[in-house]
Amino acid sequence: MEIRKIGRDEIQAILYLNEDHFNDVKSKRIAPAKLQETFVAFANADGGDIFIGVEDKAETGERVIGFSEQEEANGVLSTLLEETSPSVENLVVEFLEVEGKGLILHVGIPKSPKVHYTASGGCFIRVNASKRKIKGERVTQLAYSKGAEPYERKPLPDVEIEDITESDHLLDYMGRVRSHLQPEAFLRKQRLLTKKDGDRVPNVGCVLLFDEEPQETLEARCAVKVYRLRTTEKEYKREQLAEMPVTINGPVEMVIDSTILQVSKYIDGASFDDNGKLVKLSYPSEALKEILVNAVIHRDYSLNDDIHVRIFDNRVEIQSPGKLPGYMNLNNLYDERFSRNPNLVRMLHNLPDPVNHDIGEGLDTAKNELKKAGLVDPEFDEKDNAFIVTIRHQKLASIEDVVMQYFDDNPGASIGNKLVRQLSGEDDMQKVKSALQKLRANGTIKLENENASPFNYRYIKA
């Protein structure tokens, strides 16, 4: 096990930690079984860090009382690593050596895609600075929210299978994917029927895809509401609604298509006043489409709430029920891949010209399309039990601004076309060339070497 010496600054940082949703300190005297409850709570929530060998802030006197040697922590490590069910993966485990005070055991716990239990069978979640034991339906809900147990596979015994097999939506889908199976056989093969008391019955995913009115059948709010709001404020009032919100119901594919059309209708031709200047709302349609599709196919359908799409005078907000599933977090959205509703995603992706890309590609596409349109990247946030994407009608800095900012940050440096493209995110070499020529023409920059070939031009501040 790694031992890392730490200095005064790092020791002070640990001592000043506020015990909160992501951090905790524990005495080395804590019973391993009690510590395991906190360990499991972090893994079942959003992850966090535990420092063992540090007394609570309420204690008087010396607070760092570490392990004298690694072996002294064997009981703790054995309980956490070997007796937690299932094991928590991708942990950071290290000993921090504090001169004269022993070893602090640091355990970094990731947000886990699984539901974990203590050796005694207890299930805990971290809530602010404490742990909370959960049972029964709360554990099931945790599994759904993590994606550990797909809610889309939940059986619906009250739904008659004939209501689905005779649905025009199912028959249309089968025609487009050129399936010659009988409807019930097709549903069974696509894992859209789940066993319940010995019978195969439609599951949630099946109803969402092919039921005539999924929202009525599921007796839950799982539609999309679209609002047009005449304001730029964070909070809005009812009188700022351009009209009553439009509610979009139906099977998933229809909901996606209708939502895209409704949002386009609100945005096309819309404008707002910006300090006396009329600014037309203009967003790249592909970026909006990708984010709207993601909201519908990756939301948590176990939550009784609609998706809310709010079109303000200076931004579009898409709020979908459920926090990010599994190990996904706000920092790894563009890098990691995890689907809460894998069957739903797969069924839509199997269609000719599917509405959805492979998992994760949609956000990349949205970001790139916004950049091409000169708009800032989308913003992401988690609030209560919802995931929110905000697309702002905010222009990126011009290429000229990027160049001058570089010189402000790097006095005496030179810059070329390639570096400008990297700094600005503008892929068009000709656009960058034109911007540099404009700055050169007005005397803001000049060539570093007048004898260089155009391909090797580099510029310095004039």
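Residues numbered from 1 in each chain as written. Predicted model: local features only at pLDDT ≥ 70, side-chain atom pairs only at ≥ 80, totals over all residues. Heavy atoms only, no water.

1. Examining the pairing of strand E14 (residues 307-311)
Counting buried positions along E14 yields 5 of 5 residues, so the element is predominantly enclosed. Residues of E14 alternate between two faces, with Ile 307, Val 309 and Ile 311 on one and His 308 and Arg 310 on the opposite face, all of them buried. Inspection of the sheet shows strand E10 (residues 224-228) paired to E14 by 5 bridges, in the parallel sense. Paired with Val 224 across the strands is Ile 307, a residue of E14. Bridging between E14 and strand E15 (residues 315-321) involves 4 bridges; their strand directions are antiparallel. Bridge pairing links Arg 310 to Glu 317 in E15. Hairpin remark: E14 followed by E15, antiparallel, with 3 residues in the connecting loop. (Buried < 20%, exposed > 50% of the residue type's maximum accessible area, 1.4 Å probe, protein only. Helix = DSSP H or I, 4+ residues; strand = E, 2+ residues; numbered from the N terminus. Pairing = 2+ DSSP bridges.)

2. Observations concerning unusual backbone geometry
Geometrically, the link from Ser 85 to Pro 86 is a cis peptide bond, its omega value of -15° lying close to zero. Note on placement: Pro 86 falls in the loop between helix H3 (74-82) and strand E4 (92-98). Residues other than glycine seldom take positive phi values, yet Asn 128 does so here, at roughly 55°. Along the chain, the position of Asn 128 falls in the loop between strand E6 (123-127) and strand E7 (130-134). On the basis of relative accessible area, Asn 128 is assigned to the exposed category, the value being 56%. For Arg 178, which is not glycine, the phi dihedral falls at a positive 60°. Looking at the secondary structure, you find Arg 178 in the loop between helix H6 (168-176) and helix H7 (183-189). Since its relative accessible area comes to 72%, Arg 178 is described here as exposed.

3. Description of a negative patch on the surface
Residues Asp 158, Glu 160, Glu 162, Asp 163, Glu 166, Asp 168, Glu 184, Glu 212, Glu 213, Glu 216 and Glu 219 make up a contiguous surface patch of negative charge. Looking at the secondary structure, you find Glu 216 in helix H9 (residues 214-218). Residue Glu 216 is classed as exposed on the basis of its relative accessible area of 56%. (Patch = residues over 30% accessible without salt bridge, like charges linked within 9 Å, V, L, I, M, F, W, Y side chains within 5 Å. Areas by Shrake-Rupley, 256 points an atom, 1.4 Å probe, with all protein chains shown as cover. Salt bridge = Lys/Arg side-chain N within 4 Å of Asp/Glu carboxyl O. Lys, Arg positive; Asp, Glu negative; His and termini not counted. Charge placed at Lys NZ, Arg CZ, Asp CG, Glu CD.)

4. Regarding the side chain of Arg 126
Along the chain, Arg 126 turns up in strand E6. Ignoring anything within four residues of it in the chain, the contact list for Arg 126 reads Asp 20, His 21, Asn 23, Asp 24, Thr 38, Ala 41, Phe 42 and Ala 45. (Contact = heavy atoms within 4.5 Å.)

5. Describing the sheet that holds strand E18 (residues 415-416)
A sheet is described by the order of its strands in space; here 3 strands give the open sequence E18-E20-E19, paired in antiparallel fashion. Whereas interior strands pair on both sides, the edge strands pair on one side only; in this sheet they are E18 and strand E19 (445-447). Pairing between E18 and strand E20 (residues 458-461): 2 bridges, direction antiparallel. Residue pairing for E20: Ile 415 is matched across the bridge by Tyr 459. The sheet contacts of helix H14 (residues 399-409) involve E18, E19 and E20, and relative to E20 the element is tilted by about 65°. (Axes fitted to C-alpha atoms, helices over the stretch in contact; angles between N-to-C directions.)

6. Quick word on the pattern of salt bridges
Tallied over the entire structure, the rule returns 22 salt bridges. The partner of Asp 24 in a salt bridge is Arg 126, with the nearest N and O atoms 3.1 Å apart. Pair noted here: Asp 24 is in strand E2 (residues 23-26) and Arg 126 is in strand E6, with a separation of 102 residues, a long-range link. Looking at Asp 24, the relative accessible area reads 3%, which means it is buried.

7. Points about the packing of aromatic side chains
Under the criterion given, the structure shown has 10 aromatic pairs. For the pair Tyr 144 and Tyr 151, a centre-to-centre distance of 4.8 Å together with 80° between the ring planes defines the contact as edge-to-face. The pair Tyr 144 / Tyr 151 is uniform in exposure class, with both members buried. Seen from their ring centres, Tyr 327 and Phe 338 are 5.2 Å apart, and the 85° between their planes marks the pair as edge-to-face. Note that Tyr 327 is positioned in the loop between E15 and helix H12 (342-349) and Phe 338 in the loop between E15 and H12, a separation of 11 residues in sequence. A relative accessible area of 19% places Phe 338 in the buried class. Through pairs of rings, three or more aromatic residues link up here, namely Tyr 173, Phe 186 and Phe 210. The cationic tip of Arg 310 hangs over the ring face of Tyr 227; the distance from NZ or CZ to the ring centre is 5.7 Å. Note that Arg 440 overlies the ring of Tyr 457, its terminal NZ or CZ placed 5.8 Å from the centroid. (Phe/Tyr/Trp six-rings, centres within 6.5 Å; stacked < 30°, edge-to-face > 60°. Lys NZ or Arg CZ within 6 Å of the ring centre and 35° of its normal.)

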